[in-house]
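Below, each chain spelled out in residue letters.
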Amino acid sequence: MYSDKVMDHFQNPRNVGKMEDADIIGEVGNPTCGDIIKVYMKIEDDHIKDIKFSTFGCGAAVATSSMVTELVKGKSLDDALKVSKDQVAEALDGLPPAKMHCSNLAADAIKDAIEKYRSDSEEKDEE
Amino acid sequence: MDKRYYFDHAATTPIDEKVFQEMEPFLTEEFGNPSSIYQEGQKANQTIMEAREKVQDLINAEDSREIIFTGSGTEADNLAIKGVAMALKDKGKHIITSEIEHHAVLHTCEFMEKHLGFDVTYLEVDGDGFIDLEDLENSIRDDTILITIMMANNEIGTIQPVKEIAEIAKDHEVYFHTDAVQAAGQIEVDVQELGVDLLTLSAHKINGPKGVGALYVKKGVKLIPQMNGGAQERKRRGGTENLAGIVGFGKAAELARKRLPEKQKKLIKLRDKIISNIEENISKAILNGPRGDKRLPNNVNFCFRYIEGESILLNLDFLGIAASSGSACTSGSLEPSHVLLSLGMSHEVAHGSLRISLGYNTTEEEVDYLLDKLPGVIQKIRDMSPLYDG
């Protein structure tokens with residue numbers, strides 16, 4: 001049911017692991033629905049310098065997490081925000097229909113991280 | 001192909017070589033319709049009678065005519081529930097079942113509520129999956145017409161006190177149906193000793209073919225047929241018989257009965273080895289279902305904290321191991337197993353379940369391979385999980 005690319009990213013996830021000194025951490029999902037994705041970012045000059053992820057979830061949840069980190073790594077925050085769920089699925093040669101909805105949350109984790117980072121920066125500016 | 005390690009015998013089993021040999025002529029030259037009057041038909045008819053007697057022997061029914069062949073265990077469950085409900089609807093419209101039934105029973109009961117105005121009580125179970133007999137007795141009403149509670153659970157292997165349930169049903173003059181699809185061939189199933197009125201069987205769970213099941217209906221039990229057509233199965237299930245399938249079912253039943261004592265002994269040993277090994281070598285592993293003789297000999301079910309079941313299955317599959325999970329991701333819905341949730345487990349924990357089910361041909365060497373690989377797989381997925389702190 002999964003494409004070869006999904007299986008590859010599931011079996012050999014890119015950028016997997018936690019980051020002790022992350023500038024910001026994004027998180028989506030909840031344990032009830034069976035998927036939690038966390039992304040850890042180092043940000044420099046408004047670019048994603050480094051990224052890691054950790055995921056609780058099914059094969060699709062792991063593969064989309066892995067893929068999204070590849071897609072946004074090195075990008076500016078504005079460009080990273082433009083990476084959509086559909087793009088992530090496409091880059092993996094598609095996902096089974098049932099998984100498109102429930103396990104394709106990785107792009108949301110990126111957005112969550114960037115939004116948090118920006119609101120943190122604003123607060124610092126105000127101080 | 002690389003060697004496969006098959007640990008999903010509760011889902012289905014391979015057809016035994018002896019069963020296949022018995023079936024083969026009926027897929028080719030012996031093609032007669034059992035309803036036909038000439039020789040080919042009569043031969044087929046005779047063959048079905050013999051198969052029926054073998055299924056009768058497996059469950060020690062009094063008369064082979066108490067066995068109705070169906071197209072599956074699911075169909076037999078449907079026939080039992082709908083058939084009794086229709087026959088007794090003027091007496092009452094209340095059915096009692098449990099929360100942890102197979103969907104073939106659960107969804108049929110829901111259908112009865114939604115479309116036919118029946119009222120269904122779903123009994124809760126305790127942490128090991130047992131119903132409470134007092135609860136059961138208290139939920140019987142004047143209009144209760146049927147109790148349907150499975151003999152053994154397909155996910156967690158809990159063996160219900162079927163004999164005691166049958167006694168309560170009898171005291172209150174209510175029919176009792178039990179789905180014994182997972183129990184037959186694993187533990188002794190004796191319908192006379194148990195005192196059940198209706199009992200469901202399936203061939204492909206006991207090394208027989210897919211596409212054939214049976215319903216035992218005790219003599220005198222009122223049942224309205226659900227498949228209308230010809231006079232097959234003594235007018236209780238229309239449709240030309242699945243001749244080869246029924247022959248295979250008969251042979252599988254015969255083998256299951258012969259093998260039972262030896263198989264039970266072997267599988268209990270392997271089951272308990274798997275359970276103690278996992279508990280020793282993997283932290284935060286929770287056994288689902290009871291221990292000892294109230295658990296099916298071929299069933300092991302664990303929840304591994306912090307991880308999700310489909311990931312476990314995919315990783316095991318890479319290593320040649322086939323098993324199953326009650327995770328939502330493997331069921332096509334967003335909800336994890338209704339059985340695990342009924343035990344009182346949180347969604348998060350229920351997502352991380354793994355069922356290992358053994359067959360009569362499972363070897364100790366295969367079990368050792370599984371036990372060698374499993375801790376690494378669990379650790380690999382935990383290392384990826386945001387819920388796990390090492």
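Please refer to the structure higher up on the page.
Student: Lay out the interface of chain B and chain A with the relevant residues and their values.
Tutor: Each partner contributes residues to the interface: chain B has 19 residues there, and chain A has 24 residues. Taken together, both faces of the contact between chain B and chain A bury some 1900 Å²; the carbon and sulfur share is 67%. Counting the contacts that link chain B with chain A gives one salt bridge. With its nearest N and O atoms 2.8 Å apart, the salt bridge here joins B:Glu310 to A:Lys99. At the junction of chain B and chain A, the tally comes to nine residue pairs in polar contact (both at pLDDT 80 or more). Those elements giving two or more residues to the side of chain B that touches chain A turn out to be helix 10 (309-318), helix 12 (347-350) and helix 13 (364-384) of chain B. For the side of chain B that touches chain A, the element with the most residues is helix 10 of chain B, which contributes five residues. Partitioning the side of chain B that touches chain A into residue classes produces ten nonpolar, five polar and four charged.

Student: So what's going on with the side chain of B:Asn301? Which residues, and what values?
Tutor: Residues and elements named next belong to chain B. Topologically, Asn301 is positioned in strand 10 (residues 299-304). Look at Asn301 and you get buried, because its relative accessible area is 2%. Within polar-contact distance, the side chain of Asn301 engages the backbone oxygen of Glu155 at 2.9 Å. Those residues within four positions of Asn301 in sequence are excluded, and the remaining contacts are Glu155, Ile156, Ile286, Leu287, Asn288, Arg295, Ser353, Leu354 and Arg355.

Student: Run through the packing of aromatic side chains, naming residues and quoting values.
Tutor: Taken as a whole, this structure holds five aromatic pairs over all chains when the rule is applied. An angle of 45 degrees between the planes, with centres 6.1 Å apart, marks the rings of A:Phe10 and B:Phe318 as tilted. With one member in each of two chains, A:Phe10 in helix 1 (residues 4-11) and B:Phe318 in helix 10 form a pair that bridges those chains. Look at B:Phe302 and B:Phe304: their rings are 5.9 Å apart centre to centre, the planes differ by 20 degrees, and that puts the pair in the stacked class. For the pair B:Phe302 and B:Phe304, a shared accessibility class is recorded, and that class is buried. A cation over an aromatic ring shows up here: B:Lys3 above the ring of B:Tyr5, its NZ or CZ 4.9 Å from the ring centre. Over the aromatic face of B:Tyr360 sits the side chain of B:Arg259, whose NZ or CZ is 3.9 Å from the ring centroid.

Student: Report on a negative patch on the surface, specifying residues and quantitative values.
Tutor: Residues and elements named next belong to chain B. Taken together, Glu124, Asp126, Asp128, Asp132, Glu134, Asp135, Glu137, Glu164, Glu167 and Asp171 make up a surface patch of like negative charges. Listed by contribution, the elements that provide at least two residues to the negative patch are helix 5 (133-139) and helix 6 (162-171). Mapped onto the elements, Asp171 comes out in helix 6. Look at Asp171 and you get exposed, because its relative accessible area is 62%.

Student: How would you sum up the environment of A:Asp108? Please name residues and give values.
Tutor: Residue and element names in this part refer to chain A. Checked against the element boundaries, Asp108 lands in helix 6 (residues 106-126). With 79 residues separating them along the chain, Asp108 and Gly29 place their C-alpha atoms 9.3 Å apart. Once residues lying within four places of it in the same chain are set aside, the contact partners of Asp108 are Val28 and Lys85.

What counts and what doesn't
- Residues numbered from 1 in each chain as written.
- Chains lettered and ligands numbered in written order.
- Predicted model: local features only at pLDDT ≥ 70, side-chain atom pairs only at ≥ 80, totals over all residues.
- Heavy atoms only, no water.
- Contact = heavy atoms within 4.5 Å.
- Buried area = accessible area lost by both parts, 1.4 Å probe.
- Salt bridge = Lys/Arg side-chain N within 4 Å of Asp/Glu carboxyl O.
- Polar contact = N/O pair within 3.5 Å; in protein donor to acceptor, adjacent residues only side chain to side chain.
- Helix = DSSP H or I, 4+ residues; strand = E, 2+ residues; numbered from the N terminus.
- Nonpolar A, V, L, I, M, F, W, Y, C, P; charged D, E, K, R; others polar.
- Buried < 20%, exposed > 50% of the residue type's maximum accessible area, 1.4 Å probe, protein only.
- Phe/Tyr/Trp six-rings, centres within 6.5 Å; stacked < 30°, edge-to-face > 60°.
- Lys NZ or Arg CZ within 6 Å of the ring centre and 35° of its normal.
- Patch = residues over 30% accessible without salt bridge, like charges linked within 9 Å, V, L, I, M, F, W, Y side chains within 5 Å.
- Areas by Shrake-Rupley, 256 points an atom, 1.4 Å probe, with all protein chains shown as cover.
- Lys, Arg positive; Asp, Glu negative; His and termini not counted.
- Charge placed at Lys NZ, Arg CZ, Asp CG, Glu CD.

Geometric descriptors of this kind do not, in isolation, establish any biological role.
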